[in-house]
Amino acid sequence: MGALPLTDYGWDADRDLQFAPFRADGLIPGRVVRAERGLCELVTAAGPVRAVVPAHSGKDRLATCTGDWVALRPSTTSDAATVAEVLERRTAVVRSSASRTSHGQVLAANVDTVVVVVSLADPVRPGRIERMLALAWESGATPLVILTKADECEDVSRAEAEVAEAALGVDVLVTSAATGEGLDALTDALFGTVVLLGPSGAGKSTLGNRLLGEDLLATGAVRTSDGKGRHTTAWRELVPLPHGGVLIDTPGLRGVGLHDVDEGLDQTFAEITELAQDCRFADCAHITEPGCAVLAAVETDRLTQRRLDSYRRLQRENAYAASRTDARLRAEQRRHDKHLTRTIRAVKNSPNFKQ
Ligand code: ZN
């Protein structure tokens, strides 16, 4: 593959301005198309590069994920290309990791559009859509719901209405890869860096390949240089779209858990957030409290019980994820304290220590 200009990968004037001091240091910009521990594949204006990611740069911890923009120190005859700095992430899709540990995992950085992919071949599951939308809003990107397999659904308008109730304030597009329905509208609706979220079987790969116009998601192999003249074959998880924009598809995006999505939930359930401002108590949990405006809205059919139940369920899930994060931070603090105690003891016992 020949080198494309970085603007094809989402580089813009603001980034260019931000990059001036790095450029003055002899660094070049690149975007991460695939990240591993301590290594990443990048695209640069000169073509693909494989670079080392040191654990730290000065006092900052360095870790890259697909979609990051970095300042790269190019390879020399003796040294491999090295990531010197990860540029500020404008947005980040984060989930609690599949192993159910408490670390939030950044799945994709600098995403503009998060597409929630929902198959019309199956019954609509609003709670699942709301969970994905909470994650999408929390990322800072603009969510969009794409309904796939319209040709396999008997009552599209009913399904669409069910989805619309769960996707308040979000555009919903009906598509079918089989008939081509909605695919042009989809191309128009996407902008910038795009990720597709959704369970397996929702039709994400088919949709992705239609957007790419070829089977790149299945065959995204490229040859990259590791800076020492060796060439390796690697998978790209970030590819430019023929009509502009970039598609990110990482394996991590295939499962979704909530991680610290307070704001995302507020946006997903914007009508509840607004109603809650009229609750008598500021910390109202909308369960049995007197003067609860949210419960009153359910009583008068201005809010469905289903929406409220889903909101509560996702809030509990989010609170659980947050409590695990707190537990991890406490455990890390304990380890740090223990380590410090041991270090102090070792120093005191050393022959060079004078009291
Ligand atoms: Zn309330």
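Each remark here, short or long, concerns the structure printed above.
Residues numbered from 1 in each chain as written. Predicted model: local features only at pLDDT ≥ 70, side-chain atom pairs only at ≥ 80, totals over all residues. Heavy atoms only, no water.

This paragraph deals with the overall build of the protein chain. Along the protein chain, the regular secondary structure elements total nine helices and 17 strands. Scored against the burial criterion, the 355 residues of the protein chain give a buried share of 43%. When the accessible area of the protein chain is evaluated, it comes to approximately 18,600 Å², of which 50% is carbon and sulfur surface. (Helix = DSSP H or I, 4+ residues; strand = E, 2+ residues; numbered from the N terminus. Buried < 20%, exposed > 50% of the residue type's maximum accessible area, 1.4 Å probe, protein only. Areas by Shrake-Rupley, 256 points an atom, 1.4 Å probe, with all protein chains shown as cover.)

Around a metal, the idealised angle for a tetrahedral arrangement of four donor atoms is 109.5 degrees; for an octahedral arrangement of six donor atoms it is 90 or 180 degrees. At 2.1 to 2.4 Å from the zinc ion lie its protein donor atoms, namely Cys-279 (SG), Cys-284 (SG), His-286 (ND1) and Cys-292 (SG). Each of the four donor atoms around the zinc ion contributes to a set of angles spanning 102 to 115°, which defines the coordination as tetrahedral. Site description for the zinc ion: donor spacing in sequence, C-x4-C-x1-H-x5-C. Each member of the pair Cys-279 and His-286 is classed as buried. (Donors = N, O, S within 2.8 Å, 3.2 Å for Na, K, Ca; no water. Tetrahedral: all angles 85-135°; square planar, octahedral: opposite > 155°, others 65-115°.)

Our next topic: the environment of Ala-80. Along the chain, the position of Ala-80 falls in the loop between β6 (69-73) and β7 (82-86). By relative accessible area, Ala-80 is classed as buried at 18%.

Tallied over the full model, the rule gives four aromatic pairs. Arranged with centres 5.2 Å apart and planes meeting at 65°, the rings of Phe-269 and Tyr-311 form a pair that is edge-to-face. Here the residue Phe-269 occupies a position in the loop between α6 (262-268) and α7 (270-276), and Tyr-311 occupies one in helix α9 (residues 305-349), the gap between them amounting to 42 residues. Pair check on accessibility: Phe-269 and Tyr-311 agree, each one buried. Each member of the aromatic cluster is reached from another via a ring pair, and the members are Trp-11, Phe-19, Phe-22 and Trp-69. (Phe/Tyr/Trp six-rings, centres within 6.5 Å; stacked < 30°, edge-to-face > 60°.)

What follows is about helix α2 (residues 126-139). One turn of an α-helix holds 3.6 residues; hence residues three or four places apart share an orientation. For α2, built from 14 residues, the straight-helix expectation of 20 Å at 1.5 Å per residue is met to within 8% by its first-to-last C-alpha distance of 20 Å. Most of α2 sits out of view: 10 of its 14 residues are buried. The first or second residue beyond α2 is Gly-140, which carries a positive phi of 95°. (Expected span 1.5 Å × (residues − 1).)

Don't take any of this as a statement about function, it's just geometry.
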